[in-house]
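Coordinate inspection notes
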Amino acid sequence: MSNETIPNLESYDDDSLAKAFSALENLAKDDASALGAEDFRLRWLGRKQGLLNDVSSRYLKAAPPAFKKSVGERFKVLKELVEGLLESASGAGPSDAALAAEAIDITLPGTRRLIGAEHPITKTLNEIVNVFAALGYSVGVGPEVETDFYNFESMNFPPGHPARDTQDTLVVANQERRSQRDRLLLRTHTSPVQMRTMEQQPPPVRIVIPGKVHRNDAQDATHSPIFHQVEGLCVDTNITFSDLKGTLDHAMKALFGSSVKTRFFPSFFPFTEPSADVQISCIFCGGKGCRKCKQSGWIELLGCGMVDPAVFAFAAEKQPAYDPKKISGFAFGMGVERIAMMKYGISEIGQFYAGDMRFLGQFA
Amino acid sequence: MKILTKWLRSYLPELPVDDAQLAEDLTLRGIAVEGIYSLGEGNGSLFEMDITTNRVDAMNHYGVAREAAAIYGVALKPLDISLPEAKPSAKPFDVKIEATDACGRFTARVLRGITVTETKDWYPGAEVETYFNLLEQKKISSAVDATNFCWLAMGQPTHAFDLDKLEGGIIVRRARKGEKLKTLDGIERTLDPEDLIVADHAKPLALAGVMGGWDSMITAETKNVLVEAAWFDPIAVRRTARRHGLHTDASHRFERGADFNAAPVASAIVSKILLAFGGHIEGDLVDVRVPAVEARTNSRAAVSLALSEVQRMLGTTVHSEGIAAPMVEKILVALGCGLAPAGDGVWSVTLPSWRLDIEREIDLIEEVARVYGYNGFANTLPAFGGGVQALPWAAAEAAVRNTMRAAGFHEAIASTFCSAAEAALTAPQPGQVVPLGNPLSEEAGVLRPSLVPGMLAAVAGNLHRDVSDVRLFEAGTVFSGSTEKVEERPALGFVAAGTVPEQSALHAPRAIDFHDVKGVVEQVAAQFQARTVYFDRFPADSGIMPRWLHPYRAARINVDGTTVGWFGQLHPNEAAARKLKDAVLVGEIYLDRLYKLPLRKPAAREVSRFQPVRRDFSLVLDASISWEKIDQAIAALQLPELVDWRAREVFRDPKRGGKEYSLLLGVTFQAADRTLRDEELQAFHAQVVAAVGAAGARLRS
Ligand SMILES: [Zn+2]
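**Looking at the sheet that holds strand 32 (residues 698–699) of chain B**
The strands making up a sheet associate through backbone hydrogen bonding, with each pair oriented either parallel or antiparallel. Residues and elements named next belong to chain B. Reading across from one edge, 30-31-29-32 is the order of the four strands in this open sheet, with antiparallel pairing throughout. Two strands bound the open sheet, and with one partner strand each, they are strand 30 (642–651) and strand 32. Sheet analysis places strand 30 next to strand 31 (residues 660–669), joined by eight bridges and oriented antiparallel. By the bridge assignment, Glu649 is partnered in strand 31 with Leu664. Docked against the sheet, helix 19 (residues 627–637) engages strand 29 (613–622), strand 30 and strand 31, running at close to 160° with respect to strand 30.

Next up, the structure:
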């Protein structure tokens, strides 16, 4: 350190001064930590060879009159720093007056950095997936562009079913020449992953399937051509309807709180039988009846049922172990947007896809 | 559909519950009551029903009553089909079914000497006036109202012809080209050769199962009537109705599959009402059936049902007795099935003609569960066997998302689609763009080949709404290939605009720039175990730089020798086209390529306890010499004690005309095992000076 000298001043412009004084301040700080209090005092404040003396003579006194003031101000700051460092080094610590001079306005807002927010759909989707992961479900995913076979035929959608109509399904161009089951379309539900999984893997199967799906729907407050689903599939020997009930009752309590009740209604889906719609007791009013639940005390949340033997028959073409006489299973599915809208009080489904910083920032 | 509880109860004298309970119990069995409206003292309630299309049998009072009888295990009164003695006729009325593919059964009954009058409550069981008033069903005449009453009661459409307008007998056939029929709505229709019609020997009389004809309708003068009750094929009726733009109560029912056995019952109900004000029956009921249709509706093969299957599928009930044989028998018999023992714990079940939706054993099991009540089953959990497998790339995807969020980027989800023009601009593989056959709009005509269009739409949306600080990313799927075979890959898109820091009263914000975003890209790449990560760009005229990027302010991201993405400033032409005045930084990373690398596993190194020594070098460089050259020159020294070096400050003095620039190079020396001596440091210093000198830098004097 001893061979270090104060830097040469290239010119008196602001940049040069700032550079030189910044180097000096760093040097003083380095010295303060490296040297004892007395050595530091001698090196910086020594009457003859002290560095401050040198700075004064080489910068301040040599400065042309026009720059005297700016050099002087910087010199004063440096001197205060050196004196402060000496006070700390000698153990007495700075005086209250010195500390008071350093007062800041602590009421000014803090400098904030953006914290990126998880998308409310991702957040909700992960919450649902985690509930089923804790019940022993692995995550399954599949392509967003599917064949008619996986999306419809193997899910037991009869040939004339309205969902197969392009009114309801977005299709890839130029499919007319292909056989019906090979035609490509945007999957309308995540159910195809059920069939893909069963074709790959004999029972037991326990998967939860999150994903993006599409329908040829006009956008309104609660409908969007793009939305997300979480489906689940559980197949084993001796899986029963009461297992389906218990699983979903448990999952709804895990998602919405232990006081939530579920009830099951007969419904119809091509790929399950018996099929059910599931309602949960209204999370807003606790079941007393309010505007959100249309005074019924219940909110419809998901569809489910026992896997239809016809679906197993398709799976058995590749995995003979899916014999509906020996195994059974249940499947369920729910719309992520609907649950996210309910959880976060979102009234327009379109907000999920608009990329508006103000909307997304609320979820940080 | 509307249901009167007063009418329902007339079929269920023992019904043990009030209307509200009845509504809830029906709803929980899939016969949904959407609204309950009290009709005043003694009148019961009106139920607004929402019945799924597969349960057409329950879209009438007797059908709902049958459900209630099954639920509560109470008796269902048979429908009153008693008729007065017929007078003999010389010969049976002539009915012929030509279209045997489309008409399975046709019954005809001749009534003579009737009087068409106002509707009344005719007799107990035919309180037509009371029920119609409560339903607010318009009363037309005793004849029309009789057919409507019958349909509302038990679901079978019927038709009454003025017998004196008929020429010869009835023929059910397809229309002939050019034939005309004026239907009951007063419209003269030209018939299509595909139309199924009821005709006499001279002319068309009615669109079968859809609407009757004007000329043969019952009027105030009508004395003699032919009552039609038939079974028409669902598809034939749907096609006829659609061709003529008609949707009637009758077509609604036939399209969903009518009850093959309902025709004679309905004929009796209508006839009895028509005869309540005088007149008589002539001859026996004429009943023509097509055996092939009867075989697939009324005489379907019995289905085998095993109690063990019922229990295997349904599981545990709340009540300890579970689903035992008597419960199964009680429920299915109440629904109209016939159960005959066929071995130990097995039944042979005959199926009711009105439930064409029941075909298989599982359908019967569903009926048992439904009527038993889904909420009567316990909540059990299946035994858990086997472990949970995470998706192979789940951890990598989480690392990417977390890094982006930690860098201050909000996650967005953009459209899966873009316009063909945007796709052409941004597709990483030119020409590999997949169009949709029925796009939502022209702007959404193709599957997105890149996440960049979505990111640009999002940044534009924000900037146009005066939200100036934008940091967004999307981790989503991009599509390539062709309409023959579509490839899907995961990608990361990101976009930034505005200033850093985002908000501060104390620090002057500055515009976010290329290197801010480069830092984020480096941090994403650093999540993976890569040997090399470097950035380069190509001459503007090389055609390699993506057209959406500023050719001099953009870079390719190269990890382990593979291009994993591009980012930089949006090309000014693209910014102008989107009316974006602020500089926008945008990029895309091909995650499938990054995911091939393992995630970096942090490994702790011993932290040296010896004093580090920092040295700064003030360098002057020609503008053509990039930092990379200096960086590589120092790295090539391979000095173990040279633990860190970085560009501390870059200064481009405009006065020097951009020919050269200053660089403050900060270097840190530190040894793991000793304090560095002065002479060592001097040697290192000289090595650094020599290395950067060879790279073209000179020390500022
Ligand atoms: Zn509520």
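Alright, that's what it looks like, and here's the rest.
**Let's talk about the coordination of the zinc ion**
Within the first shell, the zinc ion binds the protein through Cys282(A) (SG), Cys285(A) (SG), Cys290(A) (SG) and Cys293(A) (SG), at distances of 2.2 to 2.3 Å. Coordination geometry of the zinc ion: the four donor atoms subtend angles of 103 to 112° at the metal centre, consistent with an arrangement described as tetrahedral.

**Digging into the pattern of salt bridges**
Residues and elements named next belong to chain B. By the definition in use, this model includes 66 salt bridges over all chains. Taking the shortest distance from any N to any O, the salt bridge between Arg531 and Asp560 comes out at 3.7 Å. On the criterion of sequence distance, the pair formed by Arg531 in the loop between helix 16 (514–525) and strand 25 (533–536) and Asp560 in the loop between strand 26 (549–559) and strand 27 (562–570) is long-range, its members being 29 residues apart. Residue class for Arg531 comes out exposed when judged on its relative accessible area of 72%. In this structure, Asp616 engages Arg614 in a salt bridge whose closest nitrogen and oxygen atoms are separated by 3.0 Å. Here Asp616 falls in the partly exposed class, since its relative accessible area comes to 35%. Residues joined by salt bridges that share partners form a network here, namely Arg55, Asp57, Glu67, Arg355, Asp357, Glu367 and Arg370.

**A short note on the domain arrangement of chain A**
You can read the domains of chain A as domain 1 (2–102) and domain 2 (120–363). For domain 1 of chain A and domain 2 of chain A, the distance between their C-alpha centroids amounts to 71 Å.

**Section: the packing of helix 6 (residues 120–134) of chain A against helix 9 (residues 241–256) of chain A**
Residues and elements named next belong to chain A. Orientation of helix 6 relative to helix 9, taken along the N-to-C sense of each, is 130°, at an axis distance of 10 Å. With respect to each other, helix 6 and helix 9 are oriented oblique. Viewed along their axes, helix 6 and helix 9 form a crossing whose handedness is right-handed. Between helix 6 and helix 9, the residues in contact are Glu127, Ile128, Val131 and Phe132 and Thr247, Leu248, Ala251, Ala254 and Leu255, respectively. Classifying every residue of the contact of helix 6 with helix 9 by side-chain character gives seven nonpolar, one polar and one charged.

**Looking at a negative patch on the surface**
Negative charge collects at one region of the surface, where Glu10(A), Asp13(A), Asp15(A) and Glu649(B) lie side by side. Relative to the helices and strands, Asp15(A) is located in helix 1 (residues 14–34).

**What about helix 3 (residues 51–61) of chain A?**
All names here are of chain A. Among all positions of helix 3, only Leu51, Leu52, Val55, Ser56 and Tyr59 are buried. Seen from one end, helix 3 has its buried residues packed into an arc of 140°, which puts them on one side. Of the surrounding elements, those touching the buried residues of helix 3 are helix 1, helix 2 (37–45) and helix 4 (65–89).

**What to know about the packing of aromatic side chains**
Taken as a whole, this structure holds 32 aromatic pairs over all chains when the rule is applied. Pairing Phe514(B) with Phe567(B) gives two aromatic rings, centres 4.9 Å apart and planes at 15°, and the pair type is stacked. Here the residue Phe514(B) occupies a position in helix 16, and Phe567(B) occupies one in strand 27, the gap between them amounting to 53 residues. Taken together, the aromatic side chains of Tyr344(A), Phe352(A), Tyr353(A), Phe359(A) and Phe363(A) make up a single cluster linked through ring pairs.

**Looking at the nonpolar core**
Counting 118 residues, the largest nonpolar core has Phe132(A) and Met252(A) as the members making the most contacts within it. With residues near it in sequence (within four places) discarded, Phe132(A) still touches Tyr137(A), Val208(A), Thr247(A), Leu248(A), Ala251(A), Phe332(A) and Met334(A).

**A few points about the sheet that holds strand 2 (residues 32–38) of chain B**
All names here are of chain B. With antiparallel pairing, three strands are arranged side by side in an open sheet as 1-3-2. A single partner strand is all that each edge strand has here, and the edge strands are strand 1 (2–4) and strand 2. Going from strand to strand, the sheet's axes swing by 30° on average, the running direction of each strand aside. Taken together, the six bridges between strand 2 and strand 3 (residues 45–50) define a ladder with antiparallel strand orientation. Across the sheet, residue Ala32 finds its bridge partner in strand 3, namely Asp50. Packed on one face of the sheet, helix 2 (residues 19–27) meets strand 2 and strand 3 and runs near 165° to strand 2.

**Some words on the interface of chain A and chain B**
The interface is formed by 86 residues belonging to chain A together with 82 residues belonging to chain B. One can count eight salt bridges joining chain A with chain B. The interface formed by chain A and chain B includes 37 residue pairs in polar contact (both at pLDDT 80 or more). A total of eight residues in the side of chain A that touches chain B trace back to one element, the largest contributor, which is helix 9 of chain A.

Parameters and conventions
- For every chain, the first residue of its written sequence is number 1, and the numbers climb from 1 along that sequence.
- Think of it this way: whatever chain is written first is A, whatever ligand is written first is 1, and the rest follow in order.
- Totals for whole chains, interfaces and linings use all residues, but because this is a predicted model, local features are given only for residues with pLDDT of at least 70 and pairs of side-chain atoms are given and counted only at 80 or more.
- The basis for every side-chain value is the complete set of heavy atoms in the structure, and neither hydrogens nor water enter the calculation.
- A pair of strands is considered paired only if DSSP assigns at least 2 bridges between the two.
- Only DSSP runs of H or I with at least four residues qualify as helices, and only runs of E with at least two residues qualify as strands; both kinds are numbered from the N terminus onward.
- Contacts between residues were defined by any pair of non-hydrogen atoms, one from each residue, lying within 4.5 Å.
- For helices, the fitted axis covers only the stretch in contact; all axes are lines through C-alpha atoms, and the angles between them, taken along N-to-C directions, range from 0 to 180 degrees.
- Metal donors: N, O and S atoms at distances within 2.8 Å, or within 3.2 Å for Na, K and Ca, with water omitted from the atom set so that some sites may seem incomplete.
- For four-coordinate sites, all angles between 85 and 135 degrees define a tetrahedron; for four- and six-coordinate sites, opposite donors beyond 155 degrees with the remaining angles between 65 and 115 define square planar and octahedral shapes respectively, and all other cases count as irregular.
- When a carboxyl oxygen of Asp or Glu lies within 4 Å of a side-chain nitrogen of Lys or Arg, that pair is called a salt bridge.
- Only protein chains enter the accessibility calculation, which uses a 1.4 Å probe; a residue whose area is less than 20% of its type maximum is buried, one above 50% is exposed, and one in between is partly exposed.
- Here the bounds of each domain stem from an automatic or database domain assignment.
- Here the word oblique covers every angle except those under 35 degrees (roughly parallel), over 145 (roughly antiparallel) and from 65 to 115 (roughly perpendicular).
- Should the near helix be turned counterclockwise from the far one by less than a right angle, the crossing is left-handed, whereas a clockwise turn marks it as right-handed.
- Throughout, the ten residues Ala, Val, Leu, Ile, Met, Phe, Trp, Tyr, Cys and Pro are labelled nonpolar, Asp, Glu, Lys and Arg are labelled charged, and all others, Gly among them, are labelled polar.
- Nonpolar side chains (Val, Leu, Ile, Met, Phe, Trp, Tyr) within 5 Å and like charges within 9 Å form the patches, drawn only from residues with over 30% relative accessible area and no salt bridge.
- What sets the accessible areas is the Shrake-Rupley method with a 1.4 Å probe; for residues, cover comes only from the shown protein chains.
- Counted as positive: Lys and Arg. Counted as negative: Asp and Glu, with His and the chain ends omitted from the count.
- Charged groups are reduced to one reference atom each: NZ for lysine, CZ for arginine, CG for aspartic acid, CD for glutamic acid.
- Note: the arc covers the axis-to-C-beta directions of the helix.
- By convention, a stacked pair of Phe, Tyr or Trp rings (six-membered ring in the case of Trp) has centres within 6.5 Å and planes under 30 degrees apart, an edge-to-face pair has planes over 60 apart, and any other such pair is tilted.
- What is meant by a nonpolar core is a set of buried Ala, Val, Leu, Ile, Met, Phe, Trp, Tyr and Cys residues, joined one to another through side-chain atoms within 4.5 Å.
- The definition of a polar contact used here is a pair of N or O atoms within 3.5 Å, where within protein one atom must be able to donate a hydrogen and the other to accept one, and adjacent residues in sequence count solely through side-chain atom pairs.

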